[in-house]
Amino acid sequence: MFLTYMETVTKELVSWMRGHDSSIFSISVHASGRYAITTSSDTAQLWDLDTFQRKRKLNIRQSVGIQKVFFLPLSNTILSCFKDNSIFAWECDTLFCKYQLPAPPESSSIIYKVFAVTRDGRILAAGGKSNHLHLWSLEATRLFRIIQMPTKIRAIRHLEFLPDSFDAGSNQVLGILSQDGIMRFVNIQTCKLLFEIGSLDEGISSSVISPHGRYIASIMENGSLNIYSVQALTQEINKPPPPLVKVIEDLPKNIPTSGDVKMKMTSGRVLRPARCKEHKTQTRIIKQDLTGNLENKENELSDGLNKKRLQILLKGYGEYPTKYRMFIWRSLLQLPENHTAFSNLLDKGTHVAFLNLQKLYPIKSRKLLRVLQRTLSALAHWSSIFSDTPYLPLLAFPFVKLFQNNQLICFEVVATLIINWCQHWFEYFPNPPINILSMIENVLAFCDKQLLQHFIDHDITSQLYAWPLLETVFSEVLTREEWLKLFDNVFSNQPSFLLMTVVAYSTCSRAPLLNCTLKDDFTYFFHHRNNLDINVVIREAYHLMETTPADIHPDSMLDAFVALTKGQYPVFNQYPKFVVDFQTRERERIRNDELDYLRERQTVENMQAEVDQQRLEDEAWYQKQEELRKAEEARREMLLHEEEKMVQQRQRLAAVKRELKMKEIHLQDAARRHFLKLQQAQHEMELRRLDDEIERKNYTRNQEVFAKEFREDADAYRQKVDFEEHMFHKMIETDQTQTENAKKVIEEKLAKAEQACLNTDWKIQALHKQKCDDLQRNESYQEMTKLLRKNRRKEVELLNAMMEEEAKKWKEAEEKEFHLRAEKKASSLSDTSRNWFLKQELSAALEHAERPFSKAEDSCLRREQKAPGSLARTSQLTDISEVDPSTGLPLRRSTAEWDGKKENLLKKVRDLRQRLTAQAQNRHLSQSLLAT
């Protein structure tokens, strides 16, 4: 199992925390939001939410499971609750056990399942499968109060304190959700019930309270979500006392007379009772008909329904709408919904007759089995006859399956069915109702004598073709939809309709039944589903209701429909009480005899076990005595042998002592000789160590001399390199300075020349400019070529020197010394030549920087002498850079174009300077590599 951590804004996965082998059922977060505890059935883990890493893990034995592990509010304490009712408190940071709550008293057989803590963390409430509630003081670590809930509460499913803004966290109101789906709010100090939410019809599955205690959100058992206002629920409790002064008001003017009665009538189709707020009712004032028809009065049902209209609707559509079927049934049966009486029946617990119901009727659904067991137990507690009725589970099961979410309605539907449609069924108890089966047989003889004669010929009685349908109320032979459609008609008619339906089922199946000859075939037919249209059966039943003569019609022998009474259920004693009492007495006598027999058998078994235990103890005692006697004799023999051995050992010990004394003398002599040899060896080792020290010092002295010479050579070489780099940088700086000065002077002269030049001098100036450019390019090309050639030669020399150096490393020390001197001489020669080369380059750069300036100055002076008045004729600044090949006249260029030419020229000079700098650096790098 794993835990995912999502970012609520971007909906992105932040972390994925693994570690649990089983499902996680509880997550508790610390008040600071830094830590979290996840709990499963076998382990609890503490997580750091900053790093999403697991800090600690709590492992326990499989025999002791975990109920809940959570943080106490506003503290660093972790509370761990286990399934053996042990509760420990731990420090969050150090995980040190602070305290353990003592075990609850033995008189309380409660097993803790649910827990709740007040906001100040001082009181712990614990409950479980019991109507007792324990309140613990966590400061005093003791149980200070036990609250006993009403007896109808058998288990507590959820606990939660109701917050209050003015109690400083010491909550006084505790919400208790019990097994009946009702959440009760109790003051833990006064033990007074303040209010409750939920009901037996609409039970609560789970509930949570808002942090400020203003609202309660509850998920109901039918899947809906209800929001309750605590202020509205407590309004009745917190309302002020009634006023002492009361005013008598006059009667209103428009008062209906005593003959006028205000009643609500719902127009339109049949709807649910007034739970749904979307459907509004119309209110009319009608006159009370004192001489009204008694039949119409009987047909009026609760919730504004009319039985005649429902029957007309049923005959038109064949069934009631699925959406409103349960509401119509409750109205037809006029169920009183006696919550208190039903709760009293449930509080009596499971009846003895249905303790082993799952063995007789194995049902896969545990919930369905539990509801069936409770319903049957309630019926058995209502009337003792139902504890001995073998077919009662078959009769009640389809209704239990239909109303499994509302046990009260299920019980009352089954009880109403038994009172009305099962009349006279129990007069021949424990035998089937012979009188009812005779009615069915009379009706069958009237409508289909041939089929009845066929049953008689093959010895098929009404107990085989009618009683299976009645005791299972057709649930074995019909599908769910067919069964619902059938009981829509059964509940809408008199009790005799069910008996007519049994006859109709046989007459509509006469063809296959006439073909049956074996008793097993008939039995199979009336216990399994058949290819039969239920609509035809219902129509046949209505036909029989109308055509059957009155003398054999079941209506003449059955009472009319009677609803259950409100408040308390009616007494059901329509059965031979002496038979039931006799069976009850016999069953009680058999049970008592069985208990007596079991007690006597247990007594005999205990006596036999004591005799066997005494016999085993006697045998063990005699065997132990025999073993002790044999052990005593064996030890006496061992003592005699030991004394003989001791004498022999003393003799051998004396001989061994003499031998050891001789060996000791020899060993001392050998040790003395060994010690002398060891001293001699130590003196020799000391001499060898001194010789090694002398040799090491001589070697160290030679190495220091060599290292000193090597450092001096390296320092001299480093100074030489620094001097060369200084000269090279000085040459570059001089070249840059002279170039910049020359550029400034040239720019000034060019500006003057541009202003003084005339149209006649453009061609001369252009040709002169071209010649200057050609000379400068030739010089730069030659210089670049020279530098490239020199660079190639140096690279070749560098490669040759590196190859020679690599070959020289494998020669003897003397050859290395000889080549080292040769390299020093070669290095001095290269230094001399390089210094001469740098000086030559420096002088050439100076000359190159002065030459354009002098040439430009001479040309300007010559032009001024030839044309002294040309400056006055200049109308705009122009430049002669090119000649028109068609006319031979110079092309006019703007000053901006001439500036572009100048920038290109200066850019070429800068590129040349950068190449020279890179070549100098390459030469410096090659020299350093050669030196290493």
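Residues numbered from 1 in each chain as written. Predicted model: local features only at pLDDT ≥ 70, side-chain atom pairs only at ≥ 80, totals over all residues. Heavy atoms only, no water.

Chemist: Can you break down the packing of helix H9 (residues 392-402) against helix H10 (residues 407-420) residue by residue, with the values?
Modeler: Between H9 and H10, whose axes approach to 10 Å, the crossing angle comes to 130°. Between H9 and H10, the interaxial angle falls into the category oblique. The two elements H9 and H10 cross, and the hand of that crossing is right-handed. Contact residues: H9 offers Leu392, Leu395, Ala396, Phe399 and Val400, while H10 offers Cys410, Val413, Val414, Leu417 and Ile418. Its residues assigned to classes, the contact of H9 with H10 comprises 10 nonpolar, no polar and no charged. (Axes fitted to C-alpha atoms, helices over the stretch in contact; angles between N-to-C directions. Helix = DSSP H or I, 4+ residues; strand = E, 2+ residues; numbered from the N terminus. Parallel < 35°, antiparallel > 145°, perpendicular 65-115°, else oblique. Left-handed = near helix turned anticlockwise from the far one by under 90°. Contact = heavy atoms within 4.5 Å. Nonpolar A, V, L, I, M, F, W, Y, C, P; charged D, E, K, R; others polar.)

Chemist: I'd love a proper account of the packing of helix H8 (residues 366-382) against H9, names of residues and values included.
Modeler: Two elements in contact, H8 and H9, have axes whose closest approach is 10 Å; the angle formed by their N-to-C orientations is 125°. The angle between H8 and H9 falls in the class oblique. Crossing geometry of H8 relative to H9 is assigned as right-handed. Residues Leu368, Val371, Leu372, Thr375, Leu376 and Leu379 of H8 lie in contact with H9, whose contacting residues are Leu392, Pro393, Ala396, Phe397, Val400 and Lys401. For the contact of H8 with H9, the class distribution of residues is 10 nonpolar, 1 polar and 1 charged.

Chemist: Could you give an account of the pattern of salt bridges, with specific residues and numbers?
Modeler: In this structure the tally under the stated criterion is 20 salt bridges. In this structure, the salt-bridge partner of Arg325 is Asp488, at a minimum N-O distance of 3.0 Å. Pair noted here: Arg325 is in helix H5 (residues 325-333) and Asp488 is in helix H15 (residues 480-491), with a separation of 163 residues, a long-range link. Like Asp488, Arg325 is buried. When the shortest N-O distance is used, the salt bridge between Glu693 and Arg696 registers 2.1 Å. (Salt bridge = Lys/Arg side-chain N within 4 Å of Asp/Glu carboxyl O. Buried < 20%, exposed > 50% of the residue type's maximum accessible area, 1.4 Å probe, protein only.)

Chemist: Tell me about the pairing of strand S14 (residues 142-148), and name the residues and values.
Modeler: In this structure, strand S13 (residues 132-137) lies alongside S14, joined through 6 bridges in antiparallel fashion. Paired with Trp136 across the strands is Leu143, a residue of S14. (Pairing = 2+ DSSP bridges.)

Chemist: I'd like a description of H15, backed by residues and values.
Modeler: The first and last C-alpha atoms of H15 sit 16 Å apart over 12 residues, in line with the 16 Å expected at 1.5 Å per residue. Along H15, the residues that are buried comprise Trp483, Leu484, Lys485, Leu486, Phe487, Asp488, Asn489, Val490 and Phe491. As for H15, its buried residues are in contact with helix H4 (307-317), H5, H9, H10, helix H16 (496-508) and helix H19 (534-547). (Expected span 1.5 Å × (residues − 1).)

Chemist: I'd love a proper account of the nonpolar core, names of residues and values included.
Modeler: If you look at the biggest cluster of nonpolar residues, it comprises 102 residues, and the most contacted ones within it are Trp382, Phe399, Leu470, Phe474, Trp483, Phe487 and Phe491. Examining the composition of this core, we find that 10 residues originate from one element, H10, more than from any other. Excluding residues that lie within four positions of it along the chain, Phe491 makes contacts with Trp329, Leu332, Leu333, Phe399, Val413, Leu417 and Trp421. (Core = buried A, V, L, I, M, F, W, Y, C linked by side-chain atoms within 4.5 Å.)

Chemist: Kindly report on the pairing of strand S5 (residues 43-48), identifying the contributing residues and their values.
Modeler: Counting buried positions over the 6 residues of S5 gives 6, a clear majority of the element. The two faces of S5 match: Thr43, Gln45 and Trp47 on one face and Ala44, Leu46 and Asp48 on the other face are all buried. Bridge count between strand S4 (residues 35-39) and S5: 5 bridges; the pairing is antiparallel. Note on S5: the bridge partner recorded for Tyr35 is Asp48. Remark: 3 residues form the turn of the hairpin made by S4 and S5, two consecutive strands paired antiparallel.

Chemist: An account of the packing of aromatic side chains is needed here, citing residue identities and associated values.
Modeler: Evaluation of the coordinates by the stated rule reveals 34 aromatic pairs. For the pair Phe185 and Phe195, a centre-to-centre distance of 4.5 Å together with 15° between the ring planes defines the contact as stacked. Remark: Phe195 occurs in strand S18 (residues 192-197) and Phe185 occurs in strand S17 (residues 183-187); sequence separation between them is 10 residues. Here Phe185 matches Phe195 in class, with each residue buried. Taken together, the ring pairs in this structure connect Phe342, Trp382, Phe386, Tyr391, Phe411, Trp425, Phe426, Trp467, Tyr569 and Phe572 into an aromatic cluster. Cation over ring: Lys68 sits above Phe70, and NZ or CZ is 5.2 Å from the ring centre. (Phe/Tyr/Trp six-rings, centres within 6.5 Å; stacked < 30°, edge-to-face > 60°. Lys NZ or Arg CZ within 6 Å of the ring centre and 35° of its normal.)

Chemist: Can you explain a nonpolar patch on the surface? Please cite residues and give values.
Modeler: On the surface, a nonpolar cluster with roughly 430 Å² of combined accessible area is contributed by Tyr215, Ile219, Leu225 and Ile227. In this fold, Leu225 is placed in strand S21 (residues 225-229). Its relative accessible area of 57% is what places Leu225 among the exposed residues. (Patch = residues over 30% accessible without salt bridge, like charges linked within 9 Å, V, L, I, M, F, W, Y side chains within 5 Å. Areas by Shrake-Rupley, 256 points an atom, 1.4 Å probe, with all protein chains shown as cover.)

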